[in-house]
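# Structural description and commentary
So you can see what is in the structure, the chains are spelled out below.
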Amino acid sequence: MSSVIDTAVEELNAKLGDDGFDGTAKFVIEDEGSIIIDENGARAADDEAEVTLTADADTFKSILDGELDATAAFMSGRLSIDGDMGKAMQLGTVLA
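One structure accompanies this document, and this report is about it. Residue indices begin from 1 for each chain and proceed along its sequence in written order. Given that this is a predicted model, residues contribute local features only at a pLDDT of at least 70 and side-chain atom pairs are listed and counted only at 80 or more, while totals for whole chains, interfaces and linings are drawn from all residues. The basis for every side-chain value is the complete set of heavy atoms in the structure, and neither hydrogens nor water enter the calculation.

## A closer look at the overall build of the protein chain
- A run of H or I in DSSP becomes a helix once it reaches four residues, and a run of E becomes a strand once it reaches two; helices and strands are each numbered from the N terminus. For the protein chain, the helix and strand inventory stands at four helices and five strands.
- In the protein chain, the succession of helices and strands from N to C terminus is α-β-β-β-β-α-α-β-α.
- The C-alpha radius of gyration computed for the protein chain amounts to 12 Å, which stays within 12% of the reference 12 Å derived for 96 residues, consistent with globular compactness.
- Seen along its three principal axes, the alpha-carbon backbone of the protein chain occupies a region of about 30 × 30 × 25 Å.
- The buried share of the protein chain, taken over its 96 residues, is 39%.
- Pairs at least 24 apart in sequence give 60% of the contacts found in the protein chain among residues at least 6 apart.
- Per-residue and other accessible areas follow the Shrake-Rupley method at a 1.4 Å probe size, with only the shown protein chains counted as cover for residues. Put simply, the protein chain shows about 5,200 Å² of open surface, and 46% of that area lies on carbon and sulfur atoms.
- We count Lys and Arg on the positive side and Asp and Glu on the negative side, and we leave His and both chain ends out. Here the site of a charge means NZ on Lys, CZ on Arg, CG on Asp, or CD on Glu. Counting 6 positive and 22 negative side-chain charges, the protein chain places the averaged centre of each group 2 Å from the other. Here the globule rule is a power law, 2.2 Å times the number of residues to the power 0.38, and the radius of gyration is based on C-alpha atoms. The classification of residues rests on relative accessible area computed with a 1.4 Å probe and restricted to protein chains. Under 20% of the type maximum is buried, over 50% is exposed, and intermediate values are partly exposed. The contact criterion used is simple: two residues touch if any of their non-hydrogen atoms lie within 4.5 Å.

## Some words on the environment of Asp19
- Structurally, Asp19 is set in the loop between helix H1 (3-16) and strand S1 (25-29).
- Sequence separation of Asp19 and Glu39 is 20 residues, and the distance between their C-alpha atoms is 6.7 Å.

## Considerations on a nonpolar patch on the surface
- Together, Phe74, Met75, Met85 and Met89 line one region of the surface with nonpolar side chains, adding up to about 420 Å² of accessible area.
- When residues of the nonpolar patch are traced back to their parent elements, those giving at least two are helix H3 (70-75) and helix H4 (85-95).
- With respect to the helices and strands, the residue Met85 is situated in helix H4.
- For Met85, a relative accessible area of 37% gives the class partly exposed. Only residues above 30% relative accessible area that lack a salt bridge enter a patch, with like-charged residues linked at up to 9 Å and the nonpolar side chains Val, Leu, Ile, Met, Phe, Trp and Tyr linked at up to 5 Å. Definition used for salt bridges: Asp or Glu carboxyl oxygen within 4 Å of a side-chain nitrogen of Lys or Arg.

## Some thoughts on the nonpolar core
- Working definition of a nonpolar core: buried Ala, Val, Leu, Ile, Met, Phe, Trp, Tyr and Cys residues. They are joined through side-chain atoms within 4.5 Å. Grouped together as the largest cluster of nonpolar side chains are 24 residues, with contacts concentrated most on Leu12, Phe27, Ile35, Ile37, Ala42, Phe60 and Leu91.
- Looking at this core, the elements that each hand over two or more residues are H1, S1, strand S2 (33-38), strand S4 (51-55), helix H2 (57-64) and H4.
- Among the elements that take part in this core, H1 stands out by supplying five residues, more than any other.
- For Phe60, the residues in contact, after removing those within four places along its chain, are Ala8, Leu12, Phe27, Ile29, Ile35 and Ala55.

## Some details on the sheet that holds S4
- Two strands make a pair as long as DSSP finds a minimum of two bridges between them. Pairing within the open sheet is mixed, and its five strands lie in the order S3-S2-S1-S4-S5. Whereas interior strands pair on both sides, the edge strands pair on one side only; in this sheet they are strand S3 (41-44) and strand S5 (80-83). On average, each strand axis in the sheet is tilted by 20° relative to the strand beside it, whichever way the strands run. Lines fitted to C-alpha atoms define the axes, with helix axes restricted to the stretch in contact, and inter-axis angles between N-to-C directions lie between 0 and 180 degrees.

Below you can see the structure in the form of structure tokens.
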């Protein structure tokens, strides 16, 4: 597992708090690995999910740091989304 994934899991869990996420989402960080987010929080895994978001490490970090809005990343082609767009929107509000 990469240090990028480890750091992202920690940051996501801090943002999610104790409530987790109502559903399942997967972040695929290109050339690094995958993270699953669900009611238990974030963890490194490559399970099936209702929505999959894919980006490079720099884009993902910018979203987590609040420097880049997930919607703007999607509209500019830096973030791709596959699956339930409603879940993606819910996740966007959690990460904001």
